[in-house]
Amino acid sequence: MIKVESILVALSIAVSVGVAEVSAQEKPYSIIVDKGAFELYLLDAKGDTLMHYPVATGINIGRKRRAGDNKTPEGDFTVEWVQNTKGVMYDYHDGKGKVEAYGPYFIHLITGFKAIGIHGTCPERDNKIGTRDSKGCIRLHNEDLLKLLPYVEKKMKVKVIPGPEDIEADKRIDGKR
């Protein structure tokens, strides 16, 4: 009987340790981007909103279907890595030349499309936050990005949900109207 009790105790400890390891590996934060509301929400492990910020999304409505369509992808993604973008230049072809378009950091997402992520903005486009103004990325005010950054880590979950305009556009494109 003692041997059976010892095995049960050992199994109980193994299960407890296994559960603790799984819990420790869970990511405590996640992000939801609501394209229709132009908002980014940082959630804790319970799903409670810790902070939210206005964002700019892709110029065109609907889900991203191909590179260069200026649409923000929708779905469940993960953070691949965070890049310091100080000094990284981009030309919007608006006659103003190259600017530091990405703000201080670029949070690269694994989306199935190249160079899609969450990043800051340049002063010339800061007033476009809260509108459809990006090439497909999710843009934040630089000060909001800096507040969000301490919570961001590799493999963090990011969910991008469509707004009503996106859903209607996709129905028309898919012929489901």
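For clarity, every value in this text was computed on a predicted model and none was experimentally measured.

What counts, and where the lines are drawn
- Residues numbered from 1 in each chain as written.
- Predicted model: local features only at pLDDT ≥ 70, side-chain atom pairs only at ≥ 80, totals over all residues.
- Heavy atoms only, no water.
- Helix = DSSP H or I, 4+ residues; strand = E, 2+ residues; numbered from the N terminus.
- Contact = heavy atoms within 4.5 Å.
- Areas by Shrake-Rupley, 256 points an atom, 1.4 Å probe, with all protein chains shown as cover.
- Pairing = 2+ DSSP bridges.
- Core = buried A, V, L, I, M, F, W, Y, C linked by side-chain atoms within 4.5 Å.
- Buried < 20%, exposed > 50% of the residue type's maximum accessible area, 1.4 Å probe, protein only.
- Salt bridge = Lys/Arg side-chain N within 4 Å of Asp/Glu carboxyl O.
- Arc of directions from axis to C-beta.

### What about the overall build of the protein?
Reasoning step 1: Scanning the protein from terminus to terminus reveals three helices and 12 strands.
Reasoning step 2: Across the protein, contacts joining residues at least 24 apart in sequence account for 55% of those joining residues at least 6 apart.
Reasoning step 3: When the accessible surface of the protein is summed, it comes to about 10,300 Å², and 56% of that surface belongs to carbon and sulfur atoms.

### Section: the sheet that holds strand S9 (residues 117–119)
Reasoning step 1: The strand order S3-S2-S1-S12-S5-S8-S9-S11 describes an open sheet built from eight strands, whose pairing is mixed. The strands lining the two open edges of the sheet, one partner per strand, are strand S3 (49–54) and strand S11 (138–139).
Reasoning step 2: For strand S5 (residues 75–84) and strand S12 (residues 157–161), the ladder comprises four bridges, and the chain directions are antiparallel. Bridging across to S12, Asp76 finds its partner in Lys159.

### Digging into the environment of Tyr105
Reasoning step 1: By the secondary structure assignment, Tyr105 is in strand S8 (residues 105–110).
Reasoning step 2: Sequence separation between Tyr105 and Gln83 is 22 residues; the distance between their C-alpha atoms is 5.5 Å.
Reasoning step 3: When sequence neighbours within four positions are dropped, the list of residues in contact with Tyr105 reads Val82, Gln83, Asn84, Thr85, Ile118, His119, Gly120, Leu145, Leu146 and Leu149.

### Some details on the environment of Cys137
Reasoning step 1: Relative to the elements of secondary structure, Cys137 occurs in the loop between strand S10 (132–134) and S11.
Reasoning step 2: For the pair Cys137 and Thr72, spaced 65 residues apart in the sequence, the C-alpha separation amounts to 6.0 Å.
Reasoning step 3: Those residues within four positions of Cys137 in sequence are excluded, and the remaining contacts are Ala56, Thr57, Gly58, Thr72, Phe106, Ala115, Ile116, Gly117 and His119.

### Comments concerning the nonpolar core
Reasoning step 1: If you look at the biggest cluster of nonpolar residues, it comprises 22 residues, and the most contacted ones within it are Ile31, Leu40, Ile107, Ile118, Leu140 and Leu148.
Reasoning step 2: The set of elements that each furnish at least two residues to this core consists of strand S1 (30–34), strand S2 (39–43), S3, S5, S8, helix H2 (142–148) and S12.
Reasoning step 3: Not counting the four nearest positions on each side in its chain, Leu40 is found in contact with Ile31, Ile32, Val33, Met51, His52, Tyr53, Val55, Ile118, Leu140 and Leu148.

### Side note on the pairing of S8
Reasoning step 1: When S5 meets S8, the two strands line up antiparallel, connected through six bridges. When the sheet's bridge partners are listed, Asn84 is paired in S8 with Tyr105.
Reasoning step 2: Examined bridge by bridge, S8 and S9 share three bridges and lie antiparallel to one another. Paired with Phe106 across the strands is His119, a residue of S9.
Reasoning step 3: Connecting S8 to the next strand, S9, in antiparallel fashion are six residues, including Gly112 with a positive phi near 95°.

### Concerning the side chain of His141
Reasoning step 1: Its location among the elements puts His141 in the loop between S11 and H2.
Reasoning step 2: What makes His141 buried here is its relative accessible area of 17%.
Reasoning step 3: Not counting chain neighbours up to four residues away, the residues in contact with His141 comprise Pro54, Asp126 and Ile129.

### Remarks on the side chain of Asp166
Reasoning step 1: Tracing the sequence through the fold places Asp166 in helix H3 (residues 164–174).
Reasoning step 2: If near-sequence neighbours (up to four positions away) are discounted, Asp166 is found in contact with Lys35, Ile61, Gly62, Glu74 and Arg132.

### Some thoughts on the pattern of salt bridges
Reasoning step 1: Tallied over the entire structure, the rule returns 14 salt bridges.
Reasoning step 2: Two residues, Lys64 and Asp69, come together in a salt bridge whose shortest N-O distance is 2.8 Å. A single burial state applies to Lys64 and to Asp69, both of which are buried.
Reasoning step 3: Linking Asp166 and Arg132 is a salt bridge whose minimum nitrogen-to-oxygen distance equals 3.2 Å.

### Remarks on H3
Reasoning step 1: Residues of H3 that are buried: Asp166, Ala169 and Asp170. The buried residues of H3 occupy an angular sector of 100° when the element is viewed end-on, so they sit on one face.
Reasoning step 2: In this structure, the buried residues of H3 make contact with S10.
Reasoning step 3: One or two steps after H3, the chain reaches Gly175, where phi turns positive at roughly 75°.

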